[in-house]
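These are the residues of each chain, in order.
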Amino acid sequence: MAEVYLNSKFAGTVDNPIEFVQNIREERRKGSVSENLNVTYKDKIGQVHIESSKGRARRPLIIVKDGVPLLTERHIKQLEKNEISWTDLVRQGIIEYLDAAEEENALVAFFENELTPEHTHLEITPLAMLGYCTSLVPYGNFNQSTRLNAGSKNQKQALGFYASNFAVRMDMDVNLLHHPEKPIVNTIIHDISDYDKHPAGQNIIVAIMSYKGYNMEDAIILNRGSIERGLGRSTYYRPSIAEELRYAGGLIDQVCVPDKDVKGYKTEKDYRFLEDDGIIYPEAKVKEGDVVIGKTSPPRFLSSMEEYSLASSTRRESSINLKHGEEGVIDFVLLTENEEGNKLIQVRIRDERVPEIGDKFTSRHGQKGIVGLIVNQSDMPFSAAGIVPDLIFSPHGVPSRMTISHLIEMVAGKVGALAGRYVNGTTFDAEPEERLRKELLSLGFRENGVETMYNGQTGEQYQAKIFIGNMYYLKLKHMVANKIHSRARGPIQLLTRQPTEGRAKEGGLRLGEMEKDTFVAHGASLLLKERFDSDRTVVPVCESCGIIAIKDNYKNRSYCPICGENTEVNDIEISYAFKLMLDEFKSLGIYPKLQLESKY
Amino acid sequence: MADIISEYEDRLTSKIVDEIRNNLPKGVSDTKLKKIMEAVYGEYKTAKVHPGESVGLISAESIGEPGTQMTLNTFHFAGVAEMNVTLGLPRIIEILDGRKALENPMMEIYLKKPHATGKKIEELRQLALQIKETKLKDISTEFTISIADFTIEVKFDREKMKELELTMGKVLDAITKQLKGYNIRDNKDSLTLKSRSKEETFNDAYKTKEKIKEINVKGVKGISQVLPVKREEEFIIITAGSNLADVLQLEEVDAYRTTTNNIFEIEQVLGIEAARQAIINEIFKVIESQGLNVDVRHIMLVADTMCVSGTLKGITRYGVVSEKSSVLARASFETPIKHIINAALVGEVDNLNSVIENVMVNQPVPIGTGLPSLTVKAPEKKGKEK
């Protein structure tokens, strides 16, 4: 006897659990019970669990009866002729989906020749153990598993052809690769997923060698000639959005070219691109600070309106302008309404991104790198046949990471490019390396992929043979243009008068606690003071009560709020943050008295 | 010749002077010796710390930087017959915090001559077992409370007692010494305890029962494990648990070399100077075991700051930091509100003498280039001008 649980709730008992479970499975295969049902018999605790809830991870397997798989040659032929489909196989009870629990009751064979009468299921393909992105790595079975993880993660960040209706879309923060290609070395998943409809990389020529040390520590070197021919070129799209918001009292935002008497009016130059409706025109070349959508808002408080009722307009300027470091061309203007019926303006800005030093590229094997140098084509190394690599990859990236697939892809890509065909690199089921080598040899190259190369600057032959081949490279969305940041002076925070933080706010780069310690350790105390001068202030202090006094420059006199005018007031130099702390002490009822002393 | 050397006695440490005296080749001419002494003195001067050098911060960096590598490679010797040892960063934190209760208190007991050089480790085992603490619960099989008269009966494991060379008389002595107010009856294989007070409740009896389980019948209190090991031609006993005061009383123990890793015990038994040395030794042991290289002088400085007050103080907000004279410096470390409120209550004055305070008010810190100042005051001009 065993207890039966339906979706973890007790449902009753059965006398013969094995037969019961078997019956349910038979019915499921026949189709009289939903194929989404899974049933498990846990003999150790005498429980039968029937699961039909959503969110279980399930995977398909071929059903095996008496050591013979139900999927036959006939089925495969029918599949090839497109007479039947996958769902037909599931419906016919040839393939079924198991969840993690039911797998415990199954004995699954990896390959057909391993089958014994005890086996209940057969694996469809070993590739099924990998996910979508991981199966896109060619020759993945030659890799360390961590590299497969890294490789599949990188592919998610690659720029490509993400949607064919991109021209009419308003996506936030998207990139589009200009000349995407289908990989020469592909996997079966590339075919299944119609990868050629949304490719995300380019087939380029890669040489594994060093070049003046500019590809140390995972850097890569690009050929300027290749870049000028369009390698890794992409467009960055970013929309600016404005909305005519409604406020209490029937007031409303207004999209227009702001009048000069509007509070916070910028300069005429900033509005120069706006047309009469207050919106920029397409194909305008904009730089940081330029207004994209002109907008004014009603005053923040109604009371302030009464006060200055003399002025005709007290509206605030609230235009959308390009932030610090942004630039581009206006691509597309869209006028609509949002859910609340407010006028909604979306302006898409486009910016062409040519690969530059600091952009991130990767192969499909977790071998990512940053462009360290762009070399003129004339200075690039070349092979006897005159082939110049598009990219130079450092040999030090390979031994410790053990990405053999990276190397095999280079050979396979070379064969594919020379023979004018695609190479199947499906994990566990790829074209063998042996055959590739033979074909490469027959194409007139060294079978191991190395070639005699010549120094592009001197023309001298390199002593070492250079491993060079063709492979699929991806440009990743991390580009310096979005990250570069520096500051000499700039905005400060209102409260502390210290520099703001972060690139978006044009912030300073913090000299932190530990960095401060290094100055102290060197005894460079005056340099330390200078570094912390960013919030330096000079405040007058009353000598008798030790509280910050008031200096009236207009009347040219100083007085203390407590002691009045008959007291000595002297200036001291402190950090504004310290003055703030003293003020906070006062608000707590603590009297911070400053005792002044002559410095010299 | 002696004159030339003694000329330098005031300027060099006696250790260096002695070393020169002992190692000087015979028949050195006076001019040569003079040259040697000058060279030594020159070297000595360059080795000195300059005024205004921030030794504390450099020590902190010198210990802290290798400390970041330490967290990653902390080993636990699982499965080895050695005892559990706290090593790596946790141990350093334990020492610097000046914690009284250690994770793994340990002793290294050195023995006097005849015991230390015994041929067989088995002989030593007997001695070790004498040191190991035996509690009443270790030699008894059962503790029962009679509900009728609230008497407690303790049944003994005769075999275990024999093994530990314990007799009923000895056990009885130990109990009477450590438990007052109870009549004890010896019934050969067991003891019956009855309270002398008339108002005994069951609760009291239960409490006593739990108490007598922990009674020490043999050995040194606190020593829970003993392990005799051979170290360089000599047998020593390593223990888990520590009780320096009592172990030093034992006859067989070499009190000069026996140590514990509990610095507080060392401070109490041997004094603050010994504690200072113990801190240096213990920290150095950890750093060495991690294969790191830190100059001892940094550790010595830390040990000094922990011991200057005459009592052991950890580098925590309750210890060394609470001794700082500056309110702002204390507040910038931990629990700022507490320090500021207390300072406000008594009207504390901060003279801005140290580093942190001056960084806060953005003034040059009195260290390195910020230290020197004018000491001569220019004579004031007479007349109207100031």
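In this text, all values refer to a predicted model and were calculated from it rather than measured experimentally.

Topic: the overall build of chain A
The secondary structure content of chain A amounts to 14 helices and 33 strands. Taking 25 Å as the expected radius of gyration for a compact globule of 600 residues, we find that chain A reaches 35 Å, considerably beyond that expectation. Expressed along its principal axes, the backbone C-alpha trace of chain A runs to roughly 110 × 80 × 60 Å. The 600 residues of chain A split such that 30% are buried.

Focus: the overall build of chain B
The number of helices and strands found in chain B is 18 helices and 10 strands. Relative to a compact globule of 386 residues, whose C-alpha radius of gyration would be 21 Å, chain B shows 30 Å and is clearly more extended. In terms of overall dimensions, chain B has a C-alpha envelope of 105 × 70 × 40 Å along the principal axes. Here chain B holds 386 residues, and the buried ones make up 25% of them.

Things to note about the interface of chain B and chain A
If you look at the interface, chain B gives 21 residues, while chain A gives 19 residues. Secondary structure elements with two or more residues in the side of chain B that touches chain A: helix 4 (55–70), helix 17 (336–346) and helix 18 (355–360) of chain B. Of the residues assigned to the side of chain B that touches chain A, the class counts are 12 nonpolar, seven polar and two charged.

A word on the domain arrangement of chain B
By domain assignment, chain B separates into domain 1 (2–47), domain 2 (134–218) and domain 3 (324–370). For domain 1 of chain B versus domain 2 of chain B, the distance between C-alpha centres works out to 71 Å.

Regarding the domain arrangement of chain A
Under the domain assignment used here, chain A contains domain 1 (2–129), domain 2 (135–166 + 174–233 + 357–475) and domain 3 (235–353). Taking only C-alpha atoms, the centre of domain 1 of chain A and the centre of domain 3 of chain A are 61 Å apart.

Some remarks on the nonpolar core
All names here are of chain A. Membership of the largest hydrophobic core comes to 47 residues, with the highest contact counts inside it found for Val206, Ile220, Leu391 and Ile392. Looking at this core, the elements that each hand over two or more residues are strand 10 (174–177), strand 12 (202–208), strand 13 (219–223), strand 24 (368–375), strand 26 (391–393), helix 10 (404–419), helix 11 (433–442) and strand 29 (461–475). The residues touching Ile392, leaving out its near neighbours within four places in the chain, are Ala207, Met209, Tyr211, Asn215, Ile220 and Ile221.

Let's talk about the sheet that holds strand 3 (residues 140–145) of chain B
Two pairing modes exist for strands in a sheet, parallel and antiparallel, and in both the strands are linked by backbone hydrogen bonds. Residue and element names in this part refer to chain B. Taken in spatial order, the four strands make up an open sheet running 3-4-6-5, and their pairing is antiparallel. In this open sheet, the two strands that pair with only one neighbour each are strand 3 and strand 5 (182–186). Sheet twist, expressed as the average angle between the axes of neighbouring strands with direction ignored, equals 20°. One ladder, built from five bridges, connects strand 5 with strand 6 (residues 190–195); its direction is antiparallel. Along strand 6, the bridge assignment pairs Ile184 with Leu193. On the sheet, helix 11 (residues 202–213) packs against strand 3 and strand 4 (152–156) and is oriented at approximately 165° with respect to strand 3.

Digging into the environment of A:Lys197
Inspection of the secondary structure puts A:Lys197 in the loop between helix 7 (188–192) and strand 12. A C-alpha to C-alpha distance of 23 Å links A:Lys197 and A:Ala128, two positions 69 residues apart in sequence.

Details of the packing of helix 13 (residues 263–270) of chain B against helix 14 (residues 272–289) of chain B
Residues and elements named next belong to chain B. Look at helix 13 against helix 14: their axes get within 7 Å of each other, and the N-to-C directions meet at 155°. By the angle class used here, helix 13 and helix 14 are roughly antiparallel. Judged by the sense of rotation from one axis to the other, the crossing of helix 13 with helix 14 is right-handed. On helix 14, the residues touching Ile263, Ile266, Glu267 and Leu270 of helix 13 are Ile272, Ala274, Ala275, Ala278, Ile279 and Glu282. Partitioning the contact of helix 13 with helix 14 into residue classes produces eight nonpolar, no polar and two charged.

Here's the deal with the sheet that holds strand 21 (residues 328–337) of chain A
Overall, antiparallel pairing links the five strands, which are arranged 10-14-22-21-16 (chain A) in an open sheet. Only two strands of the sheet have a single neighbouring strand rather than two, namely strand 10 and strand 16 (285–286) of chain A.

Remarks on the pairing of strand 6 of chain B
On a regular strand, each side chain points to the face opposite its neighbour's, so the side chains alternate between the two faces of the sheet. Residues and elements named next belong to chain B. Looking at chain direction, strand 4 and strand 6 are connected through four bridges and run antiparallel. If you follow Val154 over to strand 6, its bridge partner there is Leu191. The turn joining strand 5 and strand 6, which pair antiparallel and follow one another in sequence, is formed by three residues; a positive phi near 65° is taken by Lys188.

Describing unusual backbone geometry
Residue and element names in this part refer to chain A. The backbone phi angle of Lys212 is positive, close to 55°, even though this residue is not glycine. Structurally, the position occupied by Lys212 is in the loop between strand 12 and strand 13. One non-glycine residue, Asp218, adopts positive backbone phi at about 70°. Here Asp218 is to be found in the loop between strand 12 and strand 13.

Rules used in this analysis
- Residues numbered from 1 in each chain as written.
- Chains lettered and ligands numbered in written order.
- Predicted model: local features only at pLDDT ≥ 70, side-chain atom pairs only at ≥ 80, totals over all residues.
- Helix = DSSP H or I, 4+ residues; strand = E, 2+ residues; numbered from the N terminus.
- Rg over C-alpha atoms; globule rule 2.2 N^0.38 Å.
- Buried ≥ 20, exposed ≤ 12 C-beta atoms within 10 Å, placed from the backbone.
- Contact = placed C-beta atoms within 7 Å.
- Nonpolar A, V, L, I, M, F, W, Y, C, P; charged D, E, K, R; others polar.
- Domains from an automatic or database assignment.
- Core = buried A, V, L, I, M, F, W, Y, C linked by C-beta atoms within 7 Å.
- Pairing = 2+ DSSP bridges.
- Axes fitted to C-alpha atoms, helices over the stretch in contact; angles between N-to-C directions.
- Parallel < 35°, antiparallel > 145°, perpendicular 65-115°, else oblique.
- Left-handed = near helix turned anticlockwise from the far one by under 90°.

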